[in-house]
Amino acid sequence: MNIGELSPVFSAVPTHKPVKKQIQFVEEKQEFSRFPTKTGRRSLSRSISQSSTDSYSSAASYTDSSDDETSPRDKSQLNSKGSSDFCVKNIKQAEFGRREIEIAEQDMSALVSLRKRAHSEKPLAGAKIVGCTHITAQTAVLIETLVALGAQCRWTACNIYSTQNEVAAALAERGVSVFAWKGESEDDFWWCIDRCVTTEGWQPNMILDDGGDLTHWVYKKYSSVFKKIRGIVEESVTGVHRLYQLSKAGKLCVPAMNVNDSVTKQKFDNLYCCRESILDGLKRTTDVMFGGKQVVVCGYGEVGKGCSAALKALGAIVYVTEIDPICGLQACMDGFKVVKLNEVIRHVDVVITCTGNKNVVNRDQLDRMKNGSMVCNMGHSNTEIDVVKLELIVVRPQVDHVIWPDGKRVILLAEGRLLNLSCSTVPTFVLSITATTQVTWWLKPYHIYSLKSIEVNEYVASLHLATFDAHLTELTDEQAKYLGLNKNGPFKPNYYRYTSR
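Rules used throughout
Residues numbered from 1 in each chain as written. Predicted model: local features only at pLDDT ≥ 70, side-chain atom pairs only at ≥ 80, totals over all residues. Heavy atoms only, no water. UniProt positions renumbered as here; feature names shortened; annotations may be inferred. Helix = DSSP H or I, 4+ residues; strand = E, 2+ residues; numbered from the N terminus. Buried < 20%, exposed > 50% of the residue type's maximum accessible area, 1.4 Å probe, protein only. Contact = heavy atoms within 4.5 Å. Areas by Shrake-Rupley, 256 points an atom, 1.4 Å probe, with all protein chains shown as cover. Salt bridge = Lys/Arg side-chain N within 4 Å of Asp/Glu carboxyl O.

Within an unreviewed UniProt entry, the label attached to the protein reads Adenosylhomocysteinase like 1, and the organism entered is Nothobranchius furzeri. In its Sequence similarities (unreviewed entry) section, the UniProt record describing the protein reads: "Belongs to the adenosylhomocysteinase family."

Here you go:
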């Protein structure tokens, strides 16, 4: 099976949730009491918790604190149609979530226009899609587009902190079977995935995944279901890597689509989205001024490029770590000092990981970080920072202190999970580009969308140019002949990548 835009990729996902226990050192078996308590956490963060941490929406004012202690798994909830095939924080937040989705639709006009264009044809009739992504207002527009095109969808979250509770409620109210809420436990996370996959009289035939957890779960737990899957769409570098591992072992028996490496995902979502959302996440959680701060960005792929550019623009002194000489050279020519982490770990103020790898910041390096420094992750997986067995003392939601015996404090954001979607939001317009790419790929078997790989990317880009009132120059017949191109494109060969990797 070819691996490219239709690409098999995979492996078991390490989901290391930090163990919030006492931290012990061999030399000084010193213990620290947990503070504040769970109740303290909630009261301290009331103004920025729950829905507002998800999106800072009006739904924050609606959230009922008396409901906080009850797990959604223990509640009996019905939507207005009498269905209980969902599990969300509070179905009564649906009205607020609908407003969030409507706002997102305004900045996702290309995707909405694609929905309207193919709505009457119902090209996805018969598709039974099980999805595991961040559940945000932007994702809701994607899900509702798939439903409008004829698909049946069941959905869960790929991150325990990124779900917008009011949006999940709005989807459930519209009849989408959603199993997700902000602040799930590790057990809740896998329970939600299982509930999406297993329901009487319904079996998925398509998977839309972000990180590979859903694909891994179906492969491991429901092998007979996995063999009947017609296609997998994976949108993260972590998930793509895991699918490649599965393919290399000869165990990937279904076609898989590598959306992460598509031009529109790499050069827009990964780059521009992270360039804006990294600052949003850092500012919301810490209120830190970055002018003059020393920051090290681990990894200079598209995510690292976006983060580095944003921090440099604020006046931060930015260092970059890289394993790839090409990306390393790009960082140098962009004006960044390329270093090994150990060379700067003692004096930098902020460490940001953007690699998709594991143990990028290990325990020894955490021990050597200076008092008051900060560490966070912009990669999909929570394996980049070695936070296992560290005691996390809660400051406010997704902000923890790790305290050493000598009193040194290091700030850890989102427990080492994806910062931007755990602690803030991401630009809607950029997500429209990725979502439109995915929907176009779903529609490829139909003649009007039977585009080649690069044509899909150029088509999606063209749909979004209208937002900027942009007018592309057209080739003359003579120019097109000189370049050997069709006047209407594609303008790049099918193997072309705008990405640096």
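## Details of the overall build of the protein
Helices and strands together make up the secondary structure of the protein, namely 19 helices and 14 strands. Here the protein holds 501 residues, and the buried ones make up 57% of them. Partitioning the contacts of the protein with sequence separation of at least 6, the portion at a separation of at least 24 is 72%. For the protein, the exposed area adds up to about 21,700 Å²; of that, 51% sits on carbon and sulfur atoms.

## A few points about the UniProt feature "binding site: substrate" (unreviewed entry) in the protein
UniProt annotation of "binding site: substrate" (unreviewed entry) refers to Thr136, Asp210, Glu235, Lys265 and Asp269 when read in the numbering used here. In this structure, Asp210 sits in the loop between strand E4 (206-209) and helix H8 (213-221). With residues up to four places along the chain from it excluded, the contact list for Asp210 reads Cys132, Thr133, His134, Cys158, Glu234, Glu235, Ser236 and His380. As for its placement among the helices and strands, Glu235 is situated in the loop between strand E5 (231-234) and helix H10 (237-248).

## Re the pattern of salt bridges
All chains considered together, the criterion is met by 15 salt bridges. Between Asp287 and Arg396 there is a salt bridge, with its nearest N and O atoms 3.9 Å apart. Taken together, the residues span a long stretch of sequence, with Asp287 in the loop between helix H11 (263-286) and strand E7 (294-298) and Arg396 in strand E12 (residues 393-396) at a distance of 109 residues. Each of Arg73, Asp187 and Asp188 takes part in a single network of salt bridges with overlapping partners.

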